[in-house]
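Remarks on the overall topology
In case you want the letters, here they are:
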Amino acid sequence: MPVEVIWDDEEKTIIRQIYSGLVVLDDYKAATDQFVEMANSVDHTVHSILDRREIEKSEGSFLKAMQYANKLMPDHVGMRIVMQPNRMTKTMINMGQYLAPNLVKNIGYAETIEEAHGKIADYLKSTP
């Protein structure tokens, strides 16, 4: 599968979605289903890192994928970090504020995994 969904830390507070190669709508849906299952397996806040650095092409409707994920997103998902987003990804995320608000709340961008972890740490310091 062109999307791998893994725990990014031993405490199970960060889930990383790693996209590579050609990604189609069904891949996004399968990754979302796996993310939701993992997030719902714990009772604390879970953050996510979407690592799209190795994606070659995304076919199908990214907006449809966002709407699908928006419907399933658990309430206890905190910060979501998108790795190295291109202009199109940022545009879609901006549109998501209206079409998929549960999915894109508390969204941020990072260039490296270390920066993503730092942004999540900063978010945790700023939230009660």
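Everything quoted here is computed from the prediction, not taken from an experiment.

1. Some remarks on the overall build of the chain
Helix and strand counts for the chain stand at five helices and five strands. Starting at the N terminus, the α and β elements of the chain follow one another as β-β-α-β-α-β-α-α-β-α. Here the chain has a C-alpha radius of gyration of 13 Å; the compact-globule value for 128 residues is 14 Å, and the two agree. Taken over the C-alpha atoms alone, the chain extends approximately 40 × 30 × 30 Å along its principal axes. Split into buried and exposed, the 128 residues of the chain put 44% on the buried side. Of the contacts made within the chain by residues no fewer than 6 positions apart, 79% connect residues no fewer than 24 positions apart. When the accessible surface of the chain is summed, it comes to about 7100 Å², and 49% of that surface belongs to carbon and sulfur atoms.

2. Overview of the packing of aromatic side chains
This structure, assessed with the given rule, holds one aromatic pair. A cation sits over an aromatic face here: Arg80 above Phe35, 5.5 Å from the ring centre. Its end group placed over the ring of Tyr109, Lys90 keeps NZ or CZ at 5.1 Å from the ring centre.

Scoring rules and cut-offs
- Residues numbered from 1 in each chain as written.
- Predicted model: local features only at pLDDT ≥ 70, side-chain atom pairs only at ≥ 80, totals over all residues.
- Heavy atoms only, no water.
- Helix = DSSP H or I, 4+ residues; strand = E, 2+ residues; numbered from the N terminus.
- Rg over C-alpha atoms; globule rule 2.2 N^0.38 Å.
- Buried < 20%, exposed > 50% of the residue type's maximum accessible area, 1.4 Å probe, protein only.
- Contact = heavy atoms within 4.5 Å.
- Areas by Shrake-Rupley, 256 points an atom, 1.4 Å probe, with all protein chains shown as cover.
- Phe/Tyr/Trp six-rings, centres within 6.5 Å; stacked < 30°, edge-to-face > 60°.
- Lys NZ or Arg CZ within 6 Å of the ring centre and 35° of its normal.

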